[in-house]
Amino acid sequence: MQIAWDSFTPFASLAGGLLIGLAASWLVLMNGRIAGISGMLGGLVDRAGDWPLRLAFVLGLIAAPLAWRGLIGPLPVPQLTTPLPLLLLAGVLVGIGTRLAAGCTSGHGVCGLSRLSPRSLLATLSFMGSAGLTVFVMRHLLGWG
C-alpha cells in the first residue's frame, strides 16, 4: 500500500473536524437539534415545523465548498472510477441503512457519541464494521480497487 503524501492534509482535516464539532455543538446548545444530515433533510422534505432551520443547514452544506473555493483555494477534483449503476446502488443501500438505524453517520457518529448514547455507539460500530467488511470483500475477494 502506498500513501499519497501529496494528498495528506492534516491541518485542513483538523480545521474541518473542529468546524464540524463547533457547528454540531452550536446547533444542539442553541436549538436543541442534532446535526444529523438525514434528519435535517428528511424534515425539510416533510416540511417539519422548523423547516427554515433545516433549509439553512442544508444550504450551508452546499455553500461551504463554494466558500472554500472562493476564499481558500481550489477543491480537489473527484476521480470516480466506479460505474454509475454501482454508485446508485450504494446510495440506495446507504439510504436504507440510514432509515433502519434511525440516523446517519453524522447524527450518530458525531452527535450521538458526544452525548454518550449507547444506541449511537452501536450504530456507529455497525457503520464502521460494515464499511470495513465491504472494503475487504471488494478489494480482496472481488479484486475491485
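Residues numbered from 1 in each chain as written. Predicted model: local features only at pLDDT ≥ 70, side-chain atom pairs only at ≥ 80, totals over all residues. Heavy atoms only, no water.

Under the annotation held in an unreviewed UniProt entry, the protein chain carries the name YeeE/YedE family protein and is attributed to Aquitalea palustris. Database annotation for the protein chain, UniProt heading Sequence similarities (unreviewed entry): "Belongs to the TsuA/YedE (TC 9.B.102) family." (UniProt positions renumbered as here; feature names shortened; annotations may be inferred.)

A. Main features of the packing of aromatic side chains. Within this structure, the stated rule accounts for one aromatic pair. Consider the rings of Trp5 and Phe8, whose centres lie 5.5 Å apart with planes at 80 degrees: the pair is edge-to-face. (Phe/Tyr/Trp six-rings, centres within 6.5 Å; stacked < 30°, edge-to-face > 60°.)

B. Region of interest: the packing of helix H5 (residues 105–114) against helix H6 (residues 118–141). Their axes nearest at 9 Å, the elements H5 and H6 cross at an angle of 130 degrees. Here H6 runs oblique to H5, going by the angle between their axes. Of the two elements, H5 crosses H6, and the hand of that crossing is left-handed. Two secondary-structure elements touch here, H5 through Thr105, His108, Gly109, Gly112 and Leu113 and H6 through Arg119, Ser120, Leu121, Ala123, Thr124 and Phe127. Classifying every residue of the contact of H5 with H6 gives four nonpolar, six polar and one charged. (Axes fitted to C-alpha atoms, helices over the stretch in contact; angles between N-to-C directions. Helix = DSSP H or I, 4+ residues; strand = E, 2+ residues; numbered from the N terminus. Parallel < 35°, antiparallel > 145°, perpendicular 65-115°, else oblique. Left-handed = near helix turned anticlockwise from the far one by under 90°. Contact = heavy atoms within 4.5 Å. Nonpolar A, V, L, I, M, F, W, Y, C, P; charged D, E, K, R; others polar.)

C. Representation of the pattern of salt bridges. Counting across every chain of the model gives two salt bridges. For Asp50, the salt bridge is made with Arg33, and the minimal N-O distance between the two is 3.4 Å. Here Asp50 is found in the loop between helix H2 (37–45) and helix H3 (51–71), whereas its partner Arg33 is found in the loop between helix H1 (10–31) and H2, with 17 residues between them in sequence. Among the ionic pairs, Asp50 bridges to Arg54, the shortest N-O distance being 2.7 Å. On the accessibility criterion, Arg54 (7% relative accessible area) is buried. When salt bridges with common partners are traced through the structure, they connect Arg33, Asp50 and Arg54 into a single cluster. (Salt bridge = Lys/Arg side-chain N within 4 Å of Asp/Glu carboxyl O. Buried < 20%, exposed > 50% of the residue type's maximum accessible area, 1.4 Å probe, protein only.)

D. Seen up close, the UniProt feature "transmembrane region" (unreviewed entry) in the protein chain. With numbering matched to this structure, UniProt assigns "transmembrane region" (unreviewed entry) to residues 12–30, 51–72, 84–102 and 122–142. A distance of 31 Å separates the end C-alpha atoms of residues 51–72, which is 95% helix and 0% strand. Secondary structure content for residues 84–102 is 89% helix and 0% strand, and the end C-alpha separation is 27 Å.

E. Just the layout of surface pockets, in detail. Within this model, the largest pocket holds a volume of roughly 1,000 Å³. Ala90, Leu93, Val94, Ala131 and Thr134 are, among the 29 residues lining the largest pocket, the residues nearest its centre. Listed by contribution, the elements that provide at least two residues to the lining of the largest pocket are helix H4 (84–100), H5 and H6. Per-element accounting of the lining of the largest pocket gives the leading share, eleven residues, to H6. Taken together, the residues of the lining of the largest pocket sort by class into 16 nonpolar, twelve polar and one charged. In this structure, the second largest pocket encloses a volume near 870 Å³. Lining the second largest pocket are 28 residues, and of these Gly16, Leu19, Ile20, Leu61 and Ala64 sit closest to its centre. Put simply, the parts of the chain that give the lining of the second largest pocket at least two residues each are H1, H3 and H5. (1 Å grid on protein atoms, 1.4 Å probe; cavity = no way out; pocket = protein on both sides within 12 Å on 5 of 7 lines; lining within 4 Å. Points joined across faces, edges and corners; volume = space filled by probe spheres on them.)

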